[in-house]
Amino acid sequence: GCTRNTVRRALSMLADQMFVQPIHGKGVRVIWLKGETDMLGALEEVESFGEFAKRNNAVASTEVKSFEHLICTEQLSRRLGFKVGEELIRVVRVRSLNGNARQVDHGYFLASIAKGLTPEIAADSIYGYLEHKRGVKVMASRRTVSVELANDEDCSYLDLGKYNCVAVMESQSYTSDGILFEVTHNRTHPEIFHYRVNSKR
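Residues numbered from 1 in each chain as written. Predicted model: local features only at pLDDT ≥ 70, side-chain atom pairs only at ≥ 80, totals over all residues. Heavy atoms only, no water.

Engineer: Go over the overall build of the protein chain, please, and point to the residues and values.
Structural biologist: The helix and strand tally for the protein chain stands at 6 helices and 8 strands. When the elements of the protein chain are put in sequence order from the N terminus, they spell out α-β-β-α-β-α-β-β-α-α-β-α-β-β. Considered along the principal axes of its C-alpha atoms, the protein chain spans approximately 65 × 45 × 30 Å. By the burial criterion, 37% of the 201 residues in the protein chain qualify as buried. Taking the contacts inside the protein chain whose residues are at least 6 apart along the sequence as the reference set, 55% of them involve residues at least 24 apart. Working note: accessible area of the protein chain is about 12600 Å², and carbon and sulfur atoms make up 50% of it. Treating the 27 positive side-chain charges of the protein chain as one cloud and the 25 negative ones as another, the clouds have centres 10 Å apart. (Helix = DSSP H or I, 4+ residues; strand = E, 2+ residues; numbered from the N terminus. Buried < 20%, exposed > 50% of the residue type's maximum accessible area, 1.4 Å probe, protein only. Contact = heavy atoms within 4.5 Å. Areas by Shrake-Rupley, 256 points an atom, 1.4 Å probe, with all protein chains shown as cover. Lys, Arg positive; Asp, Glu negative; His and termini not counted. Charge placed at Lys NZ, Arg CZ, Asp CG, Glu CD.)

Right under this line is the structure:
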């Protein structure tokens, strides 16, 4: 029931996402393989924890462990990238999937952008609040990914079991105006830290 152009466009999109591979003179071959886990993150997109959980058919919940206002010092400025003297909101949250604690977030938000943010909002969705209540357009995020030995806080919040390490993702997020409004360190249980990135030579 589709035109040839529609089918060509669909196959082209599937090829771009590495689900299929066109072979000249032979047609199209399916190259997608089911991974070991059904829970995958999206490095190419700026995705909230709630959006990640929903996309993976999991139930997300959040417990706010710390919520405070502070002024950016020279030391924080060097580490995070905010300007000295800017007011920040520091939030520490434990994020759970289906009742199991799986991530510890240490987030710093620019207070002028996150005006009105409360612990109750932080327990729900900070991005939801910023985008739908404050009208903030989240544009881009620069990320660094590493693996570190678990510290005492990780062990107390996350049931690491056989693991002695956590996956660490540091994100610097910007508004559509190019303003740095968030720097967050996510310390994630290895069991759910799975990403697939398509690369071409």
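From this point, things continue past the structure.
Engineer: Residue-level account of the pairing of strand 7 (residues 165-175), with values.
Structural biologist: The two faces of a sheet get side chains in turn, since along a regular strand they alternate between them. Within strand 7, 8 of the 11 residues are buried, leaving the element largely enclosed by the surrounding structure. Bridge count for strand 6 (residues 138-149) against strand 7 is 11 bridges, and the pairing is antiparallel. Counterpart to Ser-146 in the pairing with strand 7 is Val-168. Here strand 7 folds back onto strand 8 (residues 180-188) in antiparallel fashion, the turn holding 4 residues, of which Gly-178 has a positive phi close to 80 degrees. (Pairing = 2+ DSSP bridges.)

Engineer: Help me get a handle on the environment of Gln-103, residues and values and all.
Structural biologist: The topology assignment puts Gln-103 in strand 5 (residues 100-110). The exposure class of Gln-103 is buried, given its relative accessible area of 11%. Sequence separation of Gln-103 and Arg-93 is 10 residues, and the distance between their C-alpha atoms is 8.2 Å. Once residues lying within four places of it in the same chain are set aside, the contact partners of Gln-103 are Phe-49, Arg-93, Val-94, Arg-95, Leu-158, Asn-186, Arg-187 and Thr-188. Here the side chain of Gln-103 touches Asp-105 through a polar contact of 2.8 Å, side chain to side chain. (Polar contact = N/O pair within 3.5 Å; in protein donor to acceptor, adjacent residues only side chain to side chain.)

Engineer: Go over the sheet that holds strand 6, please, and point to the residues and values.
Structural biologist: Judged by pairing direction, the sheet is antiparallel, and its 6 strands sit side by side in the order 3-4-5-8-7-6 without closing on themselves. In this open sheet, the two edge strands, each paired with only one partner strand, are strand 3 (60-71) and strand 6. If you compare each strand with its neighbour and ignore which way they point, the axes differ by 15 degrees on average. Of the pairings in the sheet, the one linking strand 4 (residues 87-97) to strand 5 comprises 10 bridges and is antiparallel in character. Each bridged residue has a counterpart across the sheet, and for Val-91 the counterpart in strand 5 is Gly-107. (Axes fitted to C-alpha atoms, helices over the stretch in contact; angles between N-to-C directions.)

Engineer: How would you sum up the pairing of strand 4? Please name residues and give values.
Structural biologist: Taking burial as the measure, the 11 residues of strand 4 include 10 buried ones, the bulk of the element. Bridge count between strand 3 and strand 4: 11 bridges; the pairing is antiparallel. Bridge pairing in strand 4 links Leu-70 to Leu-88. Linkage of strand 4 to strand 5, two consecutive antiparallel strands, is achieved through a turn of 2 residues, within which Asn-98 is found at a positive phi near 50 degrees.

Engineer: Provide a residue-level description of unusual backbone geometry, including the pertinent values.
Structural biologist: You will see that Asn-57, though not glycine, has its phi angle at about 55 degrees, which is positive. Tracing the backbone through its elements, the reader meets Asn-57 in the loop between helix 2 (49-55) and strand 3. By relative accessible area, which is 73% here, Asn-57 ends up exposed. The phi dihedral of Asn-98 is positive, around 50 degrees, even though this residue is not glycine. Structurally, Asn-98 can be placed in the loop between strand 4 and strand 5. Given a relative accessible area of 48%, Asn-98 falls into the partly exposed group.

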